[in-house]
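# Examining the three-dimensional arrangement
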Amino acid sequence: MAVTRNISSLLAVLMAAGLAACGGGGSSDSSSSTAASSSASSAATSSARSSAAASATSAISSAAASAASSTAASSVAASSTAASSSSSSSAALVPAAGASSIHVDTRLQITFDTVPSLGGSGLIKVYKASDDTLVDTISLNVFSTGSTIAPQYTAATLTANNTQTAIPTANTEIDRLGYGAGTALTQWRWIFYRPVSISGKTATIRLHDGVLSPSTAYYVQIENGVLSGTYKGSAFGGISDKTTWSFTTRTAPTSSSNVTVDDDGTTADFRTVQGAINWVTSKCGSAGSDSSCTDISVAKSILVKNGTYDGELFVRNINNLVIQGESRAGVLVRSENFDQYNPGTGGSVNASAYGTLTYAATGGNRTRLNGGRSVLLVEGADLLKLTNFTLQNTHVKNAWEGNTITIGNNNQAETIYFNSGSLSGGRLIATYMNFYSTQDTIQTKGWAWFYQSLIKGDVDFVWGAAYAILLEESELRTVVDTTNTTLGGYVTESRMAYGFPGIVVLNSSLTREAGVPDGATYLSRQASNFSSGYCSTATTTGSLANANYGCNNVAYINTKMDSHIATVGWLASNEPPLAASSTTGYRESGITNLSGTALDLSGRLTTYASTGKVFASTTADLSGLTTRKNVFAQWNGNAGWAPEP
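Report follows, based on the coordinates. All figures in this text were calculated on a predicted structure; none of them were measured in a lab.

Within the largest apolar cluster, 63 residues are counted, with the highest numbers of intra-cluster contacts made by Ile302, Leu386, Ile416, Phe435, Phe450 and Tyr556. When residues in this core are grouped by element, the largest group, six residues, is from helix 6 (residues 273–284). Within the second largest apolar cluster, 28 residues are counted, among which are Leu140, Tyr231, Ile239 and Trp245.

The tally for this structure, following the rule as stated, stands at two disulfides. The side chain of Cys284 participates in a disulfide bridge whose partner is Cys293; the two sulfur atoms lie 2.1 Å from each other. One quick way to see it: the torsion about the S-S bond of Cys284 and Cys293 is about -85°, and its sign makes the bridge left-handed. Cys284 sits in the buried class, given a relative accessible area of 0%. Across the disulfide, Cys535 is cross-linked to Cys551 (sulfur-sulfur distance 2.1 Å). The S-S bond linking Cys535 to Cys551 shows a torsion near -125°; that makes this disulfide left-handed. One end of the pair, Cys535, is in the loop between strand 38 (522–525) and strand 39 (554–557); the other, Cys551, is in the loop between strand 38 and strand 39, with 16 residues separating them in the sequence. The class for Cys551 is buried, based on a relative accessible area of 0%. Counting only the cysteines that take part in disulfides, in the order they occur along the protein, gives the pairing 1-2, 3-4.

Tallying each qualifying case throughout the model produces 24 aromatic pairs. Ring centres 5.1 Å apart and planes at 15° place the aromatic pair Tyr127 and Tyr219 in the stacked group. Here Tyr127 is found in strand 5 (residues 123–128), whereas its partner Tyr219 is found in strand 11 (residues 217–222), with 92 residues between them in sequence. Residue Tyr127 is classed as buried on the basis of its relative accessible area, which comes to 15%. Their ring planes at 25° and their centres at 5.9 Å tell us that Tyr490 and Tyr522 sit as a pair that is stacked. Of this pair, Tyr490 sits in strand 35 (residues 490–494) while Tyr522 sits in strand 38, and the two are 32 residues apart along the sequence. The exposure class assigned to Tyr522 is partly exposed, which follows from its relative accessible area of 23%. Members of the aromatic cluster, each reached through a chain of ring pairs, are Phe143, Phe192, Phe338 and Tyr341. In this structure, Arg176 packs its charged tip against the face of Tyr179, placed 3.6 Å from the ring centre. Lying across the ring of Tyr451, Arg628 places its NZ or CZ 5.3 Å from the centre.

Over its 12 residues, helix 6 extends 16 Å from the first C-alpha to the last, a length consistent with the 16 Å expected when each residue adds 1.5 Å. Along helix 6, 11 of the 12 residues are buried, which leaves the element largely enclosed by surrounding structure. Along helix 6, the positions that sit buried rather than exposed are Val273, Gln274, Gly275, Ala276, Ile277, Asn278, Trp279, Val280, Thr281, Ser282 and Cys284. Of the surrounding secondary structure, the elements contacted by the buried residues of helix 6 are strand 16 (258–261), strand 17 (300–304), strand 18 (307–310), strand 19 (313–316), strand 20 (321–325) and strand 21 (331–335).

So, about a nonpolar patch on the surface. On the surface, a nonpolar cluster with roughly 230 Å² of combined accessible area is contributed by Val115, Leu118 and Ile198. Mapped onto the fold, Ile198 is located in strand 9 (residues 196–199).

Here we come to the sheet that holds strand 9. Across the sheet, four strands lie side by side as 1-3-10-9; this open sheet has antiparallel pairing. The open sheet terminates on both sides in strands that have one partner only, identified here as strand 1 (93–94) and strand 9.

So, how was this worked out
Residues numbered from 1 in each chain as written. Predicted model: local features only at pLDDT ≥ 70, side-chain atom pairs only at ≥ 80, totals over all residues. Heavy atoms only, no water. Core = buried A, V, L, I, M, F, W, Y, C linked by side-chain atoms within 4.5 Å. Buried < 20%, exposed > 50% of the residue type's maximum accessible area, 1.4 Å probe, protein only. Helix = DSSP H or I, 4+ residues; strand = E, 2+ residues; numbered from the N terminus. Disulfide = S-S within 2.5 Å. Phe/Tyr/Trp six-rings, centres within 6.5 Å; stacked < 30°, edge-to-face > 60°. Lys NZ or Arg CZ within 6 Å of the ring centre and 35° of its normal. Expected span 1.5 Å × (residues − 1). Contact = heavy atoms within 4.5 Å. Patch = residues over 30% accessible without salt bridge, like charges linked within 9 Å, V, L, I, M, F, W, Y side chains within 5 Å. Areas by Shrake-Rupley, 256 points an atom, 1.4 Å probe, with all protein chains shown as cover. Salt bridge = Lys/Arg side-chain N within 4 Å of Asp/Glu carboxyl O. Pairing = 2+ DSSP bridges.

Below is the structure:
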């Protein structure tokens, strides 16, 4: 649906949802400091494509808000309140036996008389009722049974490549995100995940992504031993018939481009954010089936109602998509994922007809499935907008189901990896957002704008190999490092592209949580030595190569800093490759404390000891980086980009 068709309902929808047209600026966290409130000017871009994209960007919030009205009018109400409510505590089975109008991405729930226990092996199966076709098999331990969705992942292969013992193999499955029916993707995100969770007396079962279809009848069977406990007055022995747990799914949404998600409402189109992503991608992605919405000029929207949404996410090959929360604090999208559980930063794998997935043990980790450690992985996307919700990676360093992990690489746990680095695309917008993690909270390529958002972390919590990352009127809050409370970590880790602005922190604040010590946090660091063979050539086409990236381009402008920031400012254990100038190196201008008093920066480290290179500056002229238009001026061959909230 084109943006202009929905503008008439914007005000009514916003009032009903309790939203303001420009979102809830600043931090939603009550302990946050107030970010600076000045805003940058904007201008239209010069190229035709840039103009169309800018128009779509300015209208994107309207399209997101209109999802509420367009979907509510067309959604089919559930026939059974107990069956449709995934949080119902009164129903023994959700969906209830015989229920209809069930969402295709529903989570199955079974409530016991007492707290149940989870077995170490066994299968949960879902069949199509019309012909008894097996549509999904959930294993409690793929390391003992192998994977049904990727048969080449046999139990023997998985076990041989699982070179660590700290993380239990029980309650482990493999999923392929983006597999939803009709998405037309040939590359999916493959990850390990925990298929069964127990909260109180209720066990929740997460089926594989995209296995259920609209308007279809199914039944569920559970092998004896998968779950143990008292169920309806007797010992639970599983479910082996076709009628005890049967249900029928609802019809498909009527809108291709505007849908809603609600974890417990009856009128929403989907129960999970990934379910909504799959649908909109199938219709409006670059290979979508609805040509009226595939173009970048057409905004697509997913409105997420208040609730908690567990699970990893995958966005691929779709442009001008907004994911908007009903409220910043009320919508929590989360999962626990980290480098030892799903090794690597992440990428999709060509798995058409089960393709050529590889098995690669990585030094004390389990099999690498390539899907990576972030909550949200994004590929091949331009103008992705996240607004007004909380995205959290819940991983706690060195803690996993009661086991102590001593391997250091378990700590990397991104909320988002925006792996779209096009010179003429690859734009990420995040407004009025919360990003919560510890190490590597945000990793991004391309061109990223964070506005009036709160980002929490302790090590490198803004990093990547990007052209430009602008953090404007935002708060970067250092949290306590649970592995060593005397450390303060590093706000950024710069591997920026040569010849581009890199990381710009503008009119923002650097704050800390209680327990973070004074003088222990660095503004940035070079985690690796990029001095040889890096930062010598500006990229003009293709992908970044060694000569194009690894650059220490970081600028703090008109930013407030608490006393947790180290006097020296920058960590120089590895030599930064670029010397300080108005456009390169580590730089600061207009720095104050949280009260607005100018800080004494005379103690800043500016010269690398062994070579005498001046890599940091407190006096460089940074006036060329004080507006969004200037920071993103080089986008699309200097056509430029000036995003608006």
